[in-house]
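Report on the structure
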Amino acid sequence: MKIFFKILFFLFIISFYQCDTKKKESEKDAIETQKRKKKESLEKKTIRPWDSLNSKNTEAFLTEYGKQNQETKVLIKTKFGNIKLLLYEDVPVHRANFIFLTKIKYFNTTVIYRVAKNFVIQGGNSDNMYTQKQRRKYGNYLIKPEFKDNRKHKYGALAAAREWKNNPNKLTSPFEFYMVHDRNGAHHLDNEHTVFGEVIAGFDTMDKISKVKVGVDEWPIDDIKMTIEVLE
């Protein structure tokens, strides 16, 4: 009888030990799962930092983004050829914004939507629903002007579009830009729109684009699709 109780006690000890081991392993697995999920969450935030951009933190976000992304040359690709742009470092927020939108491929869903003969070629918008969804995602944020005495609307200047009505502070639309195609410049726009870069190659492409047929709103009859990529 004593042997029976000893065996029973021994089996109880083994069972208790196994349960305790399984409990510890389960708790360890739960902790590891929690750590993995937290790590994945942090990695996701790192990969997609632009999710934090909104209309309330625009300047702070783009200032920091500009420090981490210092590229100044980009390339616009169209069916008419390429246009190479230089972005000015002394207009930091607008430069950072253009690099930011280029890197998230916003412009790749847009078109050159305005061709004003012997004046400007304008892009950064479209009637594509995805384009509008992207704009709403960031709350259609606006940027304070960065006027510089040495940044004028010369031939080939790259500048930011904006609303003229009900916009006394001349806040910039971050999504739309234009390039001056008037060889005499467009100096009546100086200190009205922020000039943040210039065309350094592809003037012949601009000439070709300027010859397309447009409607009464200066929107090309046939869409001029474009993509923009960062060079350096």
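Residues numbered from 1 in each chain as written. Predicted model: local features only at pLDDT ≥ 70, side-chain atom pairs only at ≥ 80, totals over all residues. Heavy atoms only, no water.

What follows deals with the pairing of strand S7 (residues 195-201). Of all 7 residues in S7, 5 are buried; the element is thus mostly enclosed. Pairing analysis gives 4 bridges linking strand S2 (residues 81-87) to S7, with the strands arranged antiparallel. Paired with Lys 84 across the bridge in S7 is Ala 201. (Buried < 20%, exposed > 50% of the residue type's maximum accessible area, 1.4 Å probe, protein only. Helix = DSSP H or I, 4+ residues; strand = E, 2+ residues; numbered from the N terminus. Pairing = 2+ DSSP bridges.)

Residues spaced three or four apart along an α-helix face the same direction, because each turn holds 3.6 residues. Taking 1.5 Å of rise per residue, 12 residues should cover 16 Å, and helix H3 (residues 92-103) covers 16 Å from first to last C-alpha, within 8% of that figure. Along H3, 10 of the 12 residues are buried, which leaves the element largely enclosed by surrounding structure. Val 93, His 94, Arg 95, Ala 96, Asn 97, Phe 98, Ile 99, Phe 100, Leu 101 and Thr 102 are the residues of H3 that are buried. Downstream of H3 by a residue or two, Lys 105 has a phi angle that is positive, lying close to 65 degrees. (Expected span 1.5 Å × (residues − 1).)

Turning to the sheet that holds strand S4 (residues 120-125), a few remarks are in order. Pairing within the open sheet is antiparallel, and its 9 strands lie in the order S8-S3-S4-S6-S5-S7-S2-S1-S9. Looking at which strands have only one partner, the edges of the open sheet turn out to be strand S8 (224-225) and strand S9 (227-230). Direction of pairing for strand S3 (residues 111-116) relative to S8: antiparallel, over a ladder of 2 bridges. Note that in S8 the partner of Ile 112 across the bridge is Ile 224. The sheet contacts of H3 involve strand S1 (73-78), S2, strand S5 (157-160), strand S6 (177-180), S7 and S9, and relative to S9 the element is tilted by about 115 degrees. (Contact = heavy atoms within 4.5 Å. Axes fitted to C-alpha atoms, helices over the stretch in contact; angles between N-to-C directions.)

Listing the buried residues of helix H2 (residues 58-68) in full gives Thr 58, Phe 61, Leu 62, Tyr 65 and Gly 66. Within H2, the buried residues cover an arc of 130 degrees as seen down the axis, which keeps them to one side. Exposed side of H2, more than 90 degrees from the buried face: Ala 60, Lys 67 and Gln 68 are the residues found there. On its buried face, H2 is in contact with H3. (Arc of directions from axis to C-beta.)

For the coordinates displayed, the defined rule picks out 10 salt bridges. We note a salt bridge from Glu 59 to Lys 144, for which the minimum N-O separation is 3.6 Å. Taken as a pair, Glu 59 in helix H2 and Lys 144 in the loop between helix H4 (129-137) and S5 lie far apart in primary sequence, 85 residues in all. Salt-bridge contacts for Arg 135 lead to Glu 176; the nearest nitrogen and oxygen are separated by 2.8 Å. A residue pair is termed long-range when its members are at least 10 positions apart, and Arg 135 in helix H4 and Glu 176 in the loop between S5 and S6 qualify at 41 residues. The same class applies to Arg 135 as to Glu 176, namely buried. Three or more residues joined by partner-sharing salt bridges are found here, namely Arg 162, Lys 170 and Glu 192. (Salt bridge = Lys/Arg side-chain N within 4 Å of Asp/Glu carboxyl O.)

Let us look at the nonpolar core. Nonpolar side chains tend toward joint burial in soluble globular proteins. Leu 85, Phe 98, Phe 100, Tyr 141, Phe 177 and Met 179 are the most contacted members of the largest nonpolar core, which has 49 residues in total. With near-sequence residues (within four places) excluded, Phe 98 lies in contact with Val 74, Leu 85, Leu 87, Phe 107, Phe 177, Phe 196 and Ile 228. (Core = buried A, V, L, I, M, F, W, Y, C linked by side-chain atoms within 4.5 Å.)

Time to look at the packing of aromatic side chains. Any aromatic ring pair is given by two values, namely how distant the centres are and how the planes are angled relative to each other. In total, this model carries 13 aromatic pairs according to the counting rule given. With 5.6 Å between their ring centres and 90 degrees between their planes, Phe 107 and Phe 177 make a pair best called edge-to-face. Residue Phe 107 is located in the loop between H3 and S3, and its partner Phe 177 is located in strand S6; the two are separated by 70 residues in the primary sequence. The residues Phe 107 and Phe 177 share a single accessibility class, namely buried. Summarising the aromatic geometry, the rings of Tyr 141 and Phe 175 are spaced 5.6 Å apart at their centres and angled 65 degrees between planes, so their arrangement reads as edge-to-face. (Phe/Tyr/Trp six-rings, centres within 6.5 Å; stacked < 30°, edge-to-face > 60°.)

All right, on to unusual backbone geometry then. The backbone phi angle of Asn 118 is positive, close to 55 degrees, even though this residue is not glycine. Locating Asn 118 in the fold gives a position in the loop between S3 and S4. Not every positive phi belongs to a glycine, and Glu 218 is a case in point at roughly 70 degrees. With respect to the helices, strands and loops of the structure, Glu 218 is situated in the loop between helix H5 (203-209) and S8. What makes Glu 218 partly exposed here is its relative accessible area of 27%.

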